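Reading the structure
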Amino acid sequence: MEAPTTVNLERAGVLLKTILNRIQKYPGFSYAAFRLLGDAGQLRLEIDVEPRKGSCGRCSGCGRPRSGYDRLKARRFEFVPLWGMPVYFVYGMRRLNCPLCGIRVEIVPWADGKNHLTKAYAWFLAVWAKRMSWSDVAAAFQTTWENVFRSVEMAVEWGRRHRSLDDIESLGIDELYWSRKNQYLTLVYQIDEGNRRLLWIGKKRKVRTLMRFFRWFGPQRSQALHFICSDMWKPYLRVIAKKAGQAIHVLDRFHIASHLSKAIDEVRAKEAKDLLARGRQPLLKRTRWLLLKRPENLTPNQEIGLAELLRHNLRAVRAYLLKEDLQSFWDYRSPFWAGAFLDRWCTRVMRSRLEPMKKVARMLRAHRPLILNWFRARRQLSIGAVEGLNGKARVITKRAYGFRTYRAAEIALYHGLGRLPEPSFTHRFC
Ligand SMILES: [Zn+2]
């Protein structure tokens, strides 16, 4: 005897119908027949949806209720899986006769436009995509990467339409290197205490990029800003001075530290090359991290390595010590004394004959007032906010999401860092 592949649950489906009506009821529509299809291991559940008698469909052009014209062939819309089985709504869309728009297909409350995923399922996937990678979500729920991406995109678009941009006082402007495209992205964060989130992303890091942000943000909100934190990147400085000149512009600690790390790296690489050219063992080959790490974060083994390195009077070590010295700059309370310290430090660096370090010192001198603003703002600003968000952004772009396109990277960053709102659901599936 062959096992039946189709079990009609029409009469036995009362319980399922009751549950569905409790968790996902659509006015003007009702659940009709249920079918269990396929063999063990590949079971799926289909649920026929019907318009209620006498109800009118809504026109996809104007949204108004209109009388029917005809019906299209039944389509399947994927719903949240049940017990590991895919679940589909089956519905033949009505075409409507609209005096304003002509013959139009109706809009249905469970799905958007041509999307074959129901909104409930798309939100379900999007919520999971915050907890694991998109390919993991696709594998876990036996769907495609593309479906997960579309769902997250839907959630991000909804969230961006519904988020509030009121009362933003502090911005952090940051750049993110996107290795896949060999390109920088500009990220603008809100860094107010208690509300740190990604507000905006733009391609590249040009004057044009940041101008686009301010155009989007609007003059009124820009004028209300108190603090802006950014790097010493010239295009940013120019645009900020022009668009939000009233805000205290702070060159933050995190960006200065990363310039110094890069300089040490350059000194180290050059020195290793020179040593090798003179036929000597380049001590510095695997020591990059020793010099870049904070001393308190070193493992015992690394400590020994660093001690070894310090015994040789190498240029990289001198660069490292200069960087360490600058740490105490941030402990000052008064901008005046901090300024005096900074001047002394820059003078020492200028005498060091370490060209990459001198470049940083020149940069710091040129932006002295903006650096000292840090001492004026640190009470109000959530220090380290930009650094924290930057770290998370890096993790998001590095995770193997398969970001071939800018769009995917953009969507993932907004989804992960935007703190975007979600609609309130009658029932949460996850
Ligand atoms: Zn219409």
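The structure this text deals with has already been given above.
Residues numbered from 1 in each chain as written. Predicted model: local features only at pLDDT ≥ 70, side-chain atom pairs only at ≥ 80, totals over all residues. Heavy atoms only, no water.

**So, the overall build of the chain**
Secondary structure summary: the chain contains 16 helices and 13 strands in total. Its C-alpha radius of gyration of 30 Å places the chain more than 25% over the 22 Å reference for a compact globule of 430 residues. For the chain, with 430 residues in total, the buried portion stands at 47%. Long-range contacts, defined as pairs at least 24 residues apart, comprise 59% of the intrachain contacts of the chain with a sequence gap of at least 6. Counting every atom, the chain has about 23300 Å² of accessible surface; 52% of that belongs to carbon and sulfur. Across the chain, the mean location of the 79 positive side-chain charges is 5 Å away from that of the 38 negative side-chain charges. (Helix = DSSP H or I, 4+ residues; strand = E, 2+ residues; numbered from the N terminus. Rg over C-alpha atoms; globule rule 2.2 N^0.38 Å. Buried < 20%, exposed > 50% of the residue type's maximum accessible area, 1.4 Å probe, protein only. Contact = heavy atoms within 4.5 Å. Areas by Shrake-Rupley, 256 points an atom, 1.4 Å probe, with all protein chains shown as cover. Lys, Arg positive; Asp, Glu negative; His and termini not counted. Charge placed at Lys NZ, Arg CZ, Asp CG, Glu CD.)

**Looking at the coordination of the zinc ion**
Looking at the zinc ion, the protein donor atoms are C59 (SG), C62 (SG), C98 (SG) and C101 (SG), and they sit 2.2 to 2.3 Å from it. Taken together, the 4 donor atoms surrounding the zinc ion define angles of 103 to 116° at the centre, an arrangement classified as tetrahedral. Between consecutive donor residues of the zinc ion, the sequence gaps follow C-x2-C-x35-C-x2-C. In this pair, C62 sits in the loop between β4 (57-59) and β5 (65-66) while C101 sits in the loop between β7 (85-98) and β8 (102-107), placing the two residues 39 residues apart along the sequence. Owing to a relative accessible area of 29%, C62 belongs among the partly exposed residues under this scheme. Here C101 falls in the partly exposed class, since its relative accessible area comes to 26%. (Donors = N, O, S within 2.8 Å, 3.2 Å for Na, K, Ca; no water. Tetrahedral: all angles 85-135°; square planar, octahedral: opposite > 155°, others 65-115°.)

**What to know about the packing of aromatic side chains**
Taken as a whole and assessed by the stated rule, the structure comprises 33 aromatic pairs. Between F124 and F141, the aromatic rings sit 4.9 Å apart at their centres with planes inclined by 70°, giving edge-to-face as the arrangement. Of this pair, F124 sits in helix α2 (residues 119-131) while F141 is found in the loop between α3 (134-140) and α4 (145-162), placing the two residues 17 residues apart along the sequence. Accessibility expressed as a relative area gives 8% for F124, which makes it buried. Judged by relative accessible area, F141 falls into the buried class, the value being 19%. Taken together, a centroid distance of 5.6 Å and an interplanar angle of 15° make the contact between W145 and F149 stacked. Of the two residues, W145 and F149 are both situated in helix α4; the distance of 4 residues between them amounts to about one turn of the helix. (Phe/Tyr/Trp six-rings, centres within 6.5 Å; stacked < 30°, edge-to-face > 60°.)

**Here we look at the sheet that holds strand β12 (residues 227-230)**
Sheet architecture is open: 5 strands sit in the order β11-β10-β9-β12-β13, paired in mixed fashion. This sheet does not close on itself; its edge strands, each paired only once, are β11 (195-203) and β13 (248-251). Strand-to-strand twist in this sheet, taken as the mean axis angle between neighbours without regard to direction, amounts to 25°. Across 8 bridges, the pairing between strand β10 (residues 183-192) and β11 is antiparallel. Within the sheet, the bridge partner assigned to T186 lies in β11 and is G202. Together, β9 (170-178), β10, β12 and β13 form the strand contacts of helix α7 (residues 234-243), whose direction differs from that of β9 by roughly 155°. Running over the sheet, helix α16 (residues 406-417) touches β9, β10 and β11 and is turned about 170° from β11. (Pairing = 2+ DSSP bridges. Axes fitted to C-alpha atoms, helices over the stretch in contact; angles between N-to-C directions.)

**Here we look at the side chain of D231**
Structurally, D231 can be placed in the loop between β12 and α7. One buried charged residue, D231, forms no salt bridge at all, with the nearest opposite charge on R205 at 5.7 Å. A distance of 2.9 Å separates polar atoms of two side chains, one belonging to D231 and the other to H259. When residues no more than four places from it in sequence are discounted, the contact partners of D231 are I173, E175, L237, L251, H255 and H259. (Salt bridge = Lys/Arg side-chain N within 4 Å of Asp/Glu carboxyl O. Polar contact = N/O pair within 3.5 Å; in protein donor to acceptor, adjacent residues only side chain to side chain.)

**Focus: the nonpolar core**
Counting residues in hydrophobic clusters, the biggest one holds 113 residues, and the most contacted among them are W110, F329, W345, M357 and L364. Among the elements that take part in this core, α16 stands out by supplying 8 residues, more than any other. Other than its neighbours up to four places away in sequence, W110 contacts Y26, F29, V49, F77, F89, Y91, T118 and K119. If you look at the next biggest cluster of nonpolar residues, it comprises 5 residues, including A122, W123, M154 and A155. (Core = buried A, V, L, I, M, F, W, Y, C linked by side-chain atoms within 4.5 Å.)

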